[in-house]
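If you want the building blocks of each chain, they are given just below.
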Amino acid sequence: MENNNSPTQAAEHDQKIDPRNYDDILAVVASIKEQVGEETARSDIGIICGSGLGPIGDTVQEPTILPYSKIPGFPTTHVVGHKGNMIFGKLGGKKVVCLQGRFHPYEHNMDLALCTLPVRVMHQLGIKIMIVSNAAGGINAVLRHGDLMLIKDHIFLPALAGFSPLVGCNDPRFGARFVSVHDAYDKQLRNLAIEVGRRSNMTLYEGVYVMSGGPQYESPAEVSLFKTVGADALGMSTCHEVTVARQCGIKVLGFSLITNIANLDADQSVEVSHEEVMDIAKQAGERASSFVSDIVQELSL
Ligand SMILES: O=P(O)(O)O[C@@H]1C[C@H](O)[C@@H](CO)O1
């Protein structure tokens, strides 16, 4: 992404922040409040737009846009389709903060604490509910290009191999050392999404999302493995953010936009490309975004 900062802003952005340090998080939050104003910064709902829900950021009313380049400690997002803005404003009459662009562990040397810094920041800004979205490959045979899958549960593969944002010393002010993720995706919020989907004739599947480390797409044998263990869709994000949100006590609603069908058979496989992912996301993203706005309108806080 192009960096048009003045030297002072660039210096501030380069300021070293330890994402595992509670006081450093407070310093980031103080800088955001100073730049956009305390009242603008205070938010009830946080939205992380993956490759699939980018358009929702553009529908935020009375927007105040803060580029990541002006937020101390925020890395830059390099993935095409992720704009790199924090947007404050209103959606469906609610105060939201929308992250147009996320930090993928594969971009940041698997530093999951760094990649979840925005979740800790949004928690300090007051959010009670977080909506996450991603682009994903469909594993379950019912899923088609452009479908939306409500995430019921996840398999956080990097964390099972030791790459969790909660690894390392834990300041108790962040929350519990041992976080229970038995209810990571809130049932009431899922029921609301299903109800809103029914009313607007939106075909909505519910399933399990698996996060792989990426950035290479998965081989057919790997996809078969994920299918065997119960995954319906796969991607390279989200689970780290949800884990930290649950440690903070934030309720989560998650969606996967199915941008490609994952290969299950090496003899009949097709190439997967980020261009295809972006293309389908562009076609289906508008409708998915308006659906999420409808849900936000009906959320009770
Ligand atoms: O941020 P998301 O999870 O939507 O991005 C997906 C996963 C990879 O980063 C990329 C692959 O095409 O898109």
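Residues numbered from 1 in each chain as written. Predicted model: local features only at pLDDT ≥ 70, side-chain atom pairs only at ≥ 80, totals over all residues. Heavy atoms only, no water.

In the annotation of an unreviewed UniProt entry, the entry for the chain reads Purine nucleoside phosphorylase, and the organism field reads Caenorhabditis tropicalis. Under the UniProt heading Sequence similarities (unreviewed entry), the note attached to the chain is "Belongs to the PNP/MTAP phosphorylase family." UniProt, in its Pathway (unreviewed entry) section for the chain, records the words "Purine metabolism; purine nucleoside salvage." (UniProt positions renumbered as here; feature names shortened; annotations may be inferred.)

A separate point is the overall build of the chain. Along the chain, the regular secondary structure elements total 10 helices and 9 strands. Its C-alpha atoms give the chain a radius of gyration of 18 Å, near enough to 19 Å, the size a compact globule of 301 residues would have. Across its three principal axes, the chain shows a C-alpha extent of roughly 55 × 40 × 40 Å. Burial analysis of the chain (301 residues in total) assigns 54% to the buried set. (Helix = DSSP H or I, 4+ residues; strand = E, 2+ residues; numbered from the N terminus. Rg over C-alpha atoms; globule rule 2.2 N^0.38 Å. Buried < 20%, exposed > 50% of the residue type's maximum accessible area, 1.4 Å probe, protein only.)

A separate point is the site of the ligand. Around the ligand sit 13 residues in total, of which His104, Tyr106, Tyr217, Ser237 and His274 are the nearest. The backbone of Ser51 places a nitrogen or oxygen atom 2.8 Å from an oxygen atom of the ligand. In isolation the ligand exposes 340 Å². Once the protein is present, 96% of that is buried. Broken down by secondary-structure element, the contributors of at least two residues to the shell around the ligand are β5 (129–138) and α10 (274–298). Class assignment for the residues of the shell around the ligand results in 5 nonpolar, 7 polar and 1 charged. (Near = heavy atom within 4 Å. Polar contact = N/O pair within 3.5 Å; in protein donor to acceptor, adjacent residues only side chain to side chain. Areas by Shrake-Rupley, 256 points an atom, 1.4 Å probe, with all protein chains shown as cover. Nonpolar A, V, L, I, M, F, W, Y, C, P; charged D, E, K, R; others polar.)

The subject of this paragraph is the UniProt feature "binding site: phosphate" (unreviewed entry) in the chain. Sites flagged by UniProt as "binding site: phosphate" (unreviewed entry) map to Ser51, His82, Arg102, Phe103, His104, Ala135 and Ser237. Despite a sequence span of 187 residues, these residues sit close together in the fold, their greatest C-alpha distance being 13.9 Å. None of the other annotated residues line the second largest cavity; only Arg102 and Phe103 do. Among all residues touching His82, those that are not within four sequence positions of it are Cys49, Gly50, Ser51, Thr77, Gln100, Gly101, Arg102 and His104. As for its position among the elements, Ala135 is in strand β5. With a relative accessible area of 16%, Ala135 lands in the buried category. Discounting residues that sit within four places of it in the chain, Ala135 has contacts with Ser51, Gly52, Gly235, Leu257, Thr259 and Val277. (1 Å grid on protein atoms, 1.4 Å probe; cavity = no way out; pocket = protein on both sides within 12 Å on 5 of 7 lines; lining within 4 Å. Contact = heavy atoms within 4.5 Å.)

Let us look at the pairing of strand β1 (residues 45–49). In terms of residue burial, β1 counts as a mostly covered element, since 5 of its 5 residues are buried. Across the two faces of β1 the burial is the same, with Ile45, Ile47 and Cys49 and Gly46 and Ile48 all buried. The pairing of β1 with strand β4 (residues 94–100) spans 5 bridges and is parallel. Of the residues in β4, the one forming a bridge with Ile45 is Val96. Across 4 bridges, the pairing between β1 and β5 is parallel. Of the residues in β5, the one forming a bridge with Ile47 is Ile131. (Pairing = 2+ DSSP bridges.)

Turning our attention to the packing of aromatic side chains. Summed over all chains, the structure comprises 5 aromatic pairs. Judged by centre distance (5.3 Å) and plane angle (55°), the ring pair of Tyr68 and Phe103 falls under tilted. One end of the pair, Tyr68, is in the loop between β2 (61–67) and β3 (85–91); the other, Phe103, is in the loop between β4 and α4 (112–115), and 35 residues separate them in sequence. Pair check on accessibility: Tyr68 and Phe103 agree, each one buried. For the ring pair Phe74 and Phe103, a centre distance of 5.7 Å and an interplane angle of 85° mean the geometry is edge-to-face. Here Phe74 is found in the loop between β2 and β3, whereas its partner Phe103 is found in the loop between β4 and α4, with 29 residues between them in sequence. With relative accessibility at 1%, the residue Phe74 sits in the buried group. (Phe/Tyr/Trp six-rings, centres within 6.5 Å; stacked < 30°, edge-to-face > 60°.)

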